Amino acid sequence: MSLAWLLRRLLTVLYTLLVVSLLVFGLTQLLPADAAVTLLGENATPEALAAVRLRLGLGDPAWLQYWHWLSGLLQGDFGTSMRTSQPVAPAMFTALGRSLMLGGASLVLMLLIAVPLGMWAALRRGKAADLVAGLVSYLGVSLPEFVTATLLLIVVADRFQLLPATGYVAPGEDLADSLRHLVLPVLTVSLILVAHVSRMVRSETIDVLNSDYVRAARLKGLSPRVVLLRHVLRNALLPTITIVALDVGYLLGGIIVVEEIFAIPGIGRALIVAITSRDLPSIQAGAMIMAATYAIANTLADIAYVLVDRRIRYD
Amino acid sequence: MSPVLQVRDYALDYVTRDGTQRVLQDISLAIEAGEVLGLVGESGSGKTSLAWAIMRHLPGNAREAPGGRIHLGGTDLVAASSKALETIRGRRMSMVFQDPSTALNPTLTIGRQVSEVLVRHRGLSEKEAWRAATEALEHVDLRDAAGLMKRYPHQASGGEKQRVVIATAFACRPELIVFDEPTTALDVITGARILELFGRLRAETGVAALYISHDLALVSRVADRVAILERGRIVEEAPADRIFTAPTQDYTRRLVAAVPRPDHRLVGDQVTGETLLRAEAIAVRYGRKRLFRAAPAAATEDVTLDIRRGEILGVVGESGSGKSSIARALTGLADYDGVITLGGRRIDRTGGMDRAYRRAVQIVFQHPDSSLNPRQTVADILARPLRLYGGDVSTVPALLEQVRLPAGHARRYPHQLSGGEKQRVAIARAFAARPALVICDEITAPLDVSVQASVVELLLGLRDTHGTAYLFITHDLNLVRQIAHRIVVMRAGAIVDLLDIDAVRQGNVSPYTRQLMAASPAPVG
Amino acid sequence: MIDALRRLWRTPQGVLGSVLLAVLILACLLGGVLAPYSPEAMDFAGRFAAPSARHWLGADQLGRDVLSRLLVGARSTVPLAVAATFSGALVGACVGTLSAYLGGRWDEAITRTIDAVMAIPHLLLALILVSTLGKGSANAALAIAVSVAPSMARVTRSVALAVRQQDYVKAAIARGEGGAWIVLREMLPNVAAPLIIEATIRVAFAIMLFATLSFLGLGAQPPASEWGLMVSEGRRFMHQAPWVIVAPALAIATTAICFNLLGDGLRDALNPRDER
């Protein structure tokens, strides 16, 4: 992995963030709401409104407003929320932390289930177990998160009262209770990911099982266990890195809905609140943070891939 | 002495969605210790299935007919349990595969893949096995064996990888080795070296070998006895020197006749006429300088050649020699530096190729599967050049007849045709324009040898009728020597030789060409 | 075309998907006629009625028949999502093909930009668009079309590039065919099949996204009986009347499965194989 490759990768991330910033800023500027009215309310005096407009720079041309916002971002100033009149950054980043916890736990759970499931289905290809796994996956990718969440709520929280329905408890306060509140949200987010990733893992594993080198290994008389562990595993897992990176996008989308349903104060929930209350700075900040998370996740996956697969020469 | 491998009355079926297909029938053969049996068959003959049957690695839908027997020494392989087979494979019998780049695991070191056999079957410790493996690699003439052990397959060349595979196969001193077309995926010269290695190892170890190939000429040089497989049956078996000189069966006779023999000229005339096309100082370069990356090396440098009217100019070279790049430059598929002159007009860029040029210079590609648009019927495919160059669309049936295809094929789609038939359609498409020059870019490489012979016959017949010139690109030097008037030999993007066929016959060639000639010997007899 | 349909019905996925599609089309066209009750007919006496002979799928918090609302809701849920997907796919396909055809720097620039746009999760993009344009089914559909376009552009581009490498395209270039001919007559018929398959599978995704938007209150508005909206409205009463949620939830899932099955079936049907 050369420095040139890293530099190019970094440039790509920066370009991505630039385009996202333009897109987000452009779209939100189309919002018909007058930011000043949103801030001060319908009954504010014209003078107060004018003062606010001046302060927020709303009379400036669009590109200037964009420039102000962007330069603020680069200095760490994410603006002031129009809803709470507090700086956006601290709240957003705290919320991000909670979402990362939810997302991270979902990712880990998903990997723990999807990878073995996919490989097992590949090994039992065509048999009953594979077909059942396939059917379950099919169902998994056809259920939107809000459906899964709601169904889980009905069955687990309502009927059987096994787990709390909604709410969030910080791990610092009470770890056990925190975990209990996390179970349903994590399950919901993971389901669609497990369905998707396990199918991909299955297909990759089948390719590896049918490859010439696995056949050569078998014909060398190596025991099935050795063939599986030494020859199949690594080659089947390699593409999983890329698949997971792509799924971070689905994850982030799913988190929005799940946090809304389960009342978890993460960045998804914050975004919904910001959108419904037309809080422009928060919307912009939240969208940028999400896009940045995705871009960073993908870059990390690329680096991991290059480190693990010696065939690739990113020169 | 009992044979090392004995197959008796073996039959094999594959069960598919369309019914049961019998792939092998009445197979009986025996190989003694130290003996090499060559198994020759075209595609669909079942030769690969026989290899899997012997190695006991058949696909899930294979059904063996009862009564067939396969014995390795005293062991009944058909009845052997999978646990028993694990101890037999790699130790008493092993296999060398066709494509070394896919037969080695890309994420394991070469050393690991060689030593694991030794650990498994010879009970050596990891360290001992590593040392023994290094010695095995040295024994197959690999330089810097110790360093190679630590490297990964993609860091070795095709020839090196095949030596590794061979070393692995020989490592436990097996009684039998099955070779599945081990040189097909390699360059001619590299392949010849591998065969030399094989000869040496075989003499040293006295191993029994089954050498499978589609190349009758090659097998007759390598094997002691040759068995000919046609559609699942062994039609003839004879000592190698007799199979060419005195074949007894029709099929064998046809195969023998189809094998290109340099001394057997198919073209009788001389061509001394005017120059049709002249290419000067052609340089083709792919890719451009990108951000943080250097520009790639040129595919061809300063290539100059000319083709006379009605001439067959053969272009020979190994992969990477640049011969296909010349074809691309001449047809405007790749940008080039240099000048092409056709009929007095000088063309120095692909943009300068007008309709008259395009009509005069046509190309037939290597892969029949991708050269015909799968969504167009044969009629559509042939009608287009006719419309484009002012021909008559109603002559499509006549075109098909010229390439010896039934007129009814016009309504078919490419996937309904065989490889040979698709290639004929591609040829018909080229001739629809009544070109002066047809570039044949390795068009017979993917075909069976008998199909290749008929396609060559077709091309020569068309030349007799229309007086077309050919630029015949191939890696098969023997084939080119049968049909070309002059031969161009290319290496690493440059022309090494541009010779008259007589010069080649007399041996007035450069050292590289001599190497090529030695690596593609004429068949025995 | 008939050939393709015949091949489609030879696979189990194709058959099942087609059957489900037929049911959906029936519901969309004749939902109002087939529904036993008017979707807006309220019956306060029969609130939260469990599934019975009178109400096959039960009644909701306002006594409205769930089955009727479901049948009529098909019209609110499915057609817009399908239309949104195909228009988004069309735009995406054009961009993708153009990018593949142009090659070089243009291709790189377009691809990087598409990748950048895809860094925003689909739902978020749709949310921002809807909040900008205003709530409602039409805007939600537009938002979905915009979400679908980038990924379709990427798929189209990679298919187009693969087709571009084929020798029959090179043969056309060698013949001196013009760019328009090559793209329209040589490449497009071969690019169309994978795209149709991809688009069909995206419809499943679009339906799910549309329902999610409605669930969040930003898509279809009450009193429409869009399925996502039904789930959202029924959430408060999940304890008393879970069937109010389960029925539309299963309807959404079934629809998504239907299009996934069709996509899978089409994969076999549209790819000519060796038939010799």
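Nothing here was measured: the structure is a model prediction, and the numbers come from that model.

About the thresholds
Residues numbered from 1 in each chain as written. Chains lettered and ligands numbered in written order. Predicted model: local features only at pLDDT ≥ 70, side-chain atom pairs only at ≥ 80, totals over all residues. Helix = DSSP H or I, 4+ residues; strand = E, 2+ residues; numbered from the N terminus. Rg over C-alpha atoms; globule rule 2.2 N^0.38 Å. Buried ≥ 20, exposed ≤ 12 C-beta atoms within 10 Å, placed from the backbone. Contact = placed C-beta atoms within 7 Å. pLDDT = per-residue confidence, 0-100. Core = buried A, V, L, I, M, F, W, Y, C linked by C-beta atoms within 7 Å. Nonpolar A, V, L, I, M, F, W, Y, C, P; charged D, E, K, R; others polar. Pairing = 2+ DSSP bridges. Axes fitted to C-alpha atoms, helices over the stretch in contact; angles between N-to-C directions. Parallel < 35°, antiparallel > 145°, perpendicular 65-115°, else oblique. Left-handed = near helix turned anticlockwise from the far one by under 90°.

What follows deals with the overall build of chain B. Within chain B, the regular secondary structure consists of 21 helices and 21 strands. The C-alpha atoms of chain B give a radius of gyration of 25 Å, which matches the 24 Å a tight globule of 525 residues would have. Projected onto the principal axes, the alpha-carbon positions of chain B cover approximately 75 × 55 × 45 Å. Out of the 525 residues in chain B, the part that is buried amounts to 46%. Contacts in chain B between residues far apart in sequence, at least 24 positions, make up 70% of those at least 6 positions apart.

Let's shift gears to the overall build of chain C. On a plain count of helices and strands, chain C comes out with 10 helices and 0 strands. Order of helices (α) and strands (β) in chain C, N terminus to C terminus: α-α-α-α-α-α-α-α-α-α. With the C-alpha coordinates aligned to their principal axes, the bounding extent of chain C is approximately 80 × 50 × 25 Å. Per-residue burial for chain C yields a buried fraction of 56% across its 276 residues.

Turning our attention to the confidence of the model for chain C. Residues and elements named next belong to chain C. Residue-level pLDDT values for chain C average 86, and 98% of them are 70 or greater. Element-level pLDDT for chain C is lowest in helix H1 (residues 2–8), with a mean of 80, against a maximum mean of 92 in helix H7 (residues 167–175). Reported confidences for the modelled complex are a pTM of 0.84 and an ipTM of 0.85.

Let us now look at the nonpolar core. Within the largest apolar cluster, 332 residues are counted, with the highest numbers of intra-cluster contacts made by Leu137(B), Tyr211(B), Leu437(B), Phe472(B), Ile144(C) and Ile207(C). Here this core gets 18 residues from one element, more than from any other, and that element is helix H8 (residues 179–215) of chain C. Setting aside chain neighbours within four positions, we find Ile207(C) in contact with Thr77(C), Val78(C), Ala81(C), Ile252(C), Thr255(C) and Ala256(C).

Okay, the interface of chain A and chain C next. Contacts between chain A and chain C engage 38 residues on the former and 34 residues on the latter. When contributions to the side of chain A that touches chain C are tallied by element, the ones reaching two or more residues are helix H1 (3–29), helix H6 (128–142), helix H7 (145–159), helix H10 (224–262), helix H11 (267–276) and helix H12 (280–308) of chain A. Top contributing element to the side of chain A that touches chain C by residue count: H1(A), with 8 residues. The residue inventory of the side of chain A that touches chain C, partitioned by class, reads 29 nonpolar, 7 polar and 2 charged.

Residues and elements named next belong to chain B. Counting buried positions along helix H12 (residues 323–330) yields 8 of 8 residues, so the element is predominantly enclosed. Turning to H12, its buried residues number three or more, namely Lys323, Ser324, Ser325, Ile326, Ala327, Arg328, Ala329 and Leu330. Note on H12: the residue one or two positions beyond its end, Gly332, has a positive phi of about 75°.

In any sheet, the strands associate via hydrogen bonds between backbone groups, in a parallel or an antiparallel arrangement. Residue and element names in this part refer to chain B. With mixed pairing, the 6 strands of this open sheet are ordered in space as E17-E18-E19-E14-E20-E21. On the outer flanks of this sheet lie strand E17 (361–364) and strand E21 (494–500), each paired with one strand and no other. Here the strands of the sheet are splayed against their neighbours by 20° on average, with no regard to which way each runs. Summarising the sheet, strand E18 (residues 437–441) and strand E19 (residues 469–474) pair through 5 bridges and their orientation is parallel.

With that settled, the discussion passes to the sheet that holds strand E3 (residues 36–41) of chain B. Residue and element names in this part refer to chain B. Spatially, 6 strands are ordered E7-E8-E9-E3-E10-E11 in an open sheet, and the strand pairing comes out mixed. Lying at the two open borders of the sheet, with one neighbouring strand each, are strand E7 (93–96) and strand E11 (233–239). Across the sheet, the axes of successive neighbouring strands diverge by a mean angle of 20°, strand direction being ignored. Here E3 runs beside strand E10 (residues 225–230); their pairing, made up of 5 bridges, is parallel. Residue pairing in the sheet places Leu39 in a bridge with Ala227 of E10.

A word on the packing of helix H9 (residues 227–234) of chain C against helix H10 (residues 243–269) of chain C. All names here are of chain C. At a minimum axis distance of 8 Å, the contact between H9 and H10 shows a crossing angle of 155°. By the angle between their axes, H9 is roughly antiparallel relative to H10. Relative to H10, the crossing made by H9 is left-handed. Taking contact as the criterion, the partners of Trp227, Gly228, Met230, Val231 and Gly234 in H9 are, on H10, Val244, Ile245, Pro248, Ala249, Ala251 and Ile252.

This brings us to the packing of helix H4 (residues 110–122) of chain B against helix H5 (residues 126–139) of chain B. All names here are of chain B. The interhelical angle for the contact between H4 and H5, taken along N-to-C directions, is 115°, at an axis separation of 8 Å. H4 and H5 meet at a crossing whose hand is right-handed. Residue-level contacts link Gly111, Val114, Ser115, Leu118 and Val119 of H4 to Glu126, Ala129, Trp130, Ala132, Ala133, Ala136 and Leu137 of H5. Among the residues making up the contact of H4 with H5, the classes are represented as 9 nonpolar, 2 polar and 1 charged.

For the rest of this paragraph, the subject is the interface of chain C and chain B. Chain C puts 17 residues into the contact, and the matching count from chain B is 21 residues. Counting only elements with at least two residues in the side of chain C that touches chain B, the list comes to H7 and H8 of chain C. The element that contributes the greatest number of residues to the side of chain C that touches chain B is H7(C), accounting for 7 residues. Along the lines of polarity and charge, the residues of the side of chain C that touches chain B split into 6 nonpolar, 3 polar and 8 charged.

All names here are of chain B. Within E18, 5 of the 5 residues are buried, leaving the element largely enclosed by the surrounding structure. The alternating pattern of E18 places Leu437, Ile439 and Asp441 and Val438 and Cys440 on opposite faces, both of which are buried. The pairing of E17 with E18 spans 4 bridges and is parallel. Looking across to E18, one finds that Gln362 is bridged to Val438.

Before going further, it helps to examine the environment of Leu399(B). Residues and elements named next belong to chain B. Following the sequence through the fold, Leu399 ends up in helix H16 (residues 396–402). On the basis of neighbour counts, which here come to 24 C-beta atoms within 10 Å, the residue Leu399 falls in the buried class. On a C-alpha basis, the gap between Leu399 and Leu382 in space is 8.2 Å, while along the polypeptide they are 17 residues apart. Those residues within four positions of Leu399 in sequence are excluded, and the remaining contacts are Leu382, Ala428, Phe431 and Ala432.

Within the span of helix H1 (residues 47–55) of chain B, buried status applies to Lys47(B), Leu50(B), Ala53(B), Ile54(B) and Met55(B). Arg56(B) lies just past H1(B) and shows a positive phi near 60°.

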